Amino acid sequence: MKRKASAHWEGDLKKGNGTITSDSGVLSATQYSFGTRFENGKGTNPEELIAAAHAGCFSMALSMILGNAGFTADSIDTQATVSLDQVEGGFAITKVHLDVKARVPNADAKAFATAANDAKEGCPVSKLLNADITLDATLLGA
């Protein structure tokens, strides 16, 4: 299975701008620029898109792992925070923190924590990233 997206850029780094388009059309000429990446400009940026991809991938992986253990989540809400830091030689995504809150009937805290950690380790986006990935997992009461 392959997925595609494309980017178009015009101009120099600080004054230029670009657009990102996904094959599905969900992103269609979505604006990005230096300002949206390093300042407070309107539009998206690669780190925000990686955070969205990681949150979505993790949530789906957690749902699968819970299902394999005999649980069905009423809800899984995941926030991914990506850290872009200056390192020797430029910039790098150094950390991703996942914060998940889930409502899973009949699950105990230990089973949930195990499933969440397995999802963090096994999610394809986690496997892609060369970053320190941390997790806070909260099982909400029914």
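Right, let's walk through the structure included here. From a predicted model like this one, the values you see are computed outputs, not experimental measurements.

**What to know about the overall build of the chain**
No. 1: Looking only at helices and strands, one finds four helices and six strands in the chain.
No. 2: Listing the helices and strands of the chain from first to last along the sequence gives β-β-β-α-α-β-β-α-α-β.
No. 3: Overall, the chain is about 55 × 35 × 25 Å in size when its C-alpha atoms are taken along their principal axes.
No. 4: Looking at the 142 residues of the chain, the share that counts as buried comes to 31%.
No. 5: Expressed as a percentage of contacts within the chain between residues at least 6 apart in sequence, the contacts between residues at least 24 apart total 50%.
No. 6: Counting only carbon and sulfur atoms, one obtains 51% of the accessible surface of the chain, whose full area is about 9000 Å².

**Structural notes on the sheet that holds strand S1 (residues 5-10)**
No. 1: Overall, antiparallel pairing links the three strands, which are arranged S1-S2-S3 in an open sheet. Only two strands of the sheet have a single partner each, and these edge strands are S1 and strand S3 (30-33). Neighbouring strand axes in the sheet, compared pairwise and without regard to direction, differ in orientation by 25 degrees on average.
No. 2: Sheet topology places S1 next to strand S2 (residues 17-22); six bridges connect them, and they run antiparallel. Opposite His8, over in S2, you have Thr19 as the bridge partner.

**Comments concerning the pattern of salt bridges**
No. 1: Tallied over the entire structure, the rule returns three salt bridges.
No. 2: Put simply, Glu47 and Arg37 hold a salt bridge, and the shortest N to O gap is 2.6 Å. Of this pair, Glu47 sits in helix H2 (residues 46-68) while Arg37 sits in helix H1 (residues 34-38), placing them ten residues apart in sequence.
No. 3: Of the residues examined, Glu47 reaches a relative accessible area of 9% and is grouped as buried.
No. 4: Note that Asp99 and Lys101 form a salt bridge whose closest N and O atoms lie 3.5 Å from each other.
No. 5: Accessibility expressed as a relative area gives 21% for Asp99, which makes it partly exposed.
No. 6: Judged by relative accessible area, Lys101 falls into the partly exposed class, the value being 36%.

**Description of the nonpolar core**
No. 1: Core analysis: the largest hydrophobic core is formed by 27 residues, its most contacted members being Phe58, Leu62, Leu66, Val96, Val104 and Phe112.
No. 2: Secondary structure elements with two or more residues in this core: H2, strand S4 (75-87), strand S5 (90-103) and helix H3 (109-122).
No. 3: When residues of this core are assigned to their parent elements, the largest contribution, eight residues, is made by H2.
No. 4: Beyond its immediate sequence surroundings of up to four residues, Leu62 is in contact with Ile76, Val100, Phe112, Ala115, Ala116 and Ala119.

**Brief notes about H3**
No. 1: For H3, which comprises 14 residues, the first-to-last C-alpha distance of 20 Å matches the rise-based estimate of 20 Å (1.5 Å per residue) to within 8%.
No. 2: Of the positions making up H3, those classed as buried are Phe112, Ala115, Ala116, Ala119 and Lys120. The arc enclosing the buried residues of H3, seen along the axis, measures out at 140 degrees, which places them on a common side.
No. 3: Buried residues along H3 sit against H2, S5, helix H4 (124-128) and strand S6 (132-140).
No. 4: Here H3 starts with a cap whose side-chain oxygen sits 3.1 Å from the backbone nitrogen of Lys110, and that cap is Asp108.

**Focus: the sheet that holds S6**
No. 1: In space, the three strands of this open sheet follow the order S4-S5-S6, with mixed pairing throughout. Two strands in the sheet have a free side with no partner beyond their single neighbour: S4 and S6. Adjacent strand axes in the sheet meet at a mean angle of 15 degrees, parallel and antiparallel pairs treated alike.
No. 2: On the sheet, H2 packs against S4, S5 and S6 and is oriented at approximately 140 degrees with respect to S4.

Thresholds, definitions, all that
- Residues numbered from 1 in each chain as written.
- Predicted model: local features only at pLDDT ≥ 70, side-chain atom pairs only at ≥ 80, totals over all residues.
- Heavy atoms only, no water.
- Helix = DSSP H or I, 4+ residues; strand = E, 2+ residues; numbered from the N terminus.
- Buried < 20%, exposed > 50% of the residue type's maximum accessible area, 1.4 Å probe, protein only.
- Contact = heavy atoms within 4.5 Å.
- Areas by Shrake-Rupley, 256 points an atom, 1.4 Å probe, with all protein chains shown as cover.
- Pairing = 2+ DSSP bridges.
- Axes fitted to C-alpha atoms, helices over the stretch in contact; angles between N-to-C directions.
- Salt bridge = Lys/Arg side-chain N within 4 Å of Asp/Glu carboxyl O.
- Core = buried A, V, L, I, M, F, W, Y, C linked by side-chain atoms within 4.5 Å.
- Expected span 1.5 Å × (residues − 1).
- Arc of directions from axis to C-beta.
- Polar contact = N/O pair within 3.5 Å; in protein donor to acceptor, adjacent residues only side chain to side chain.

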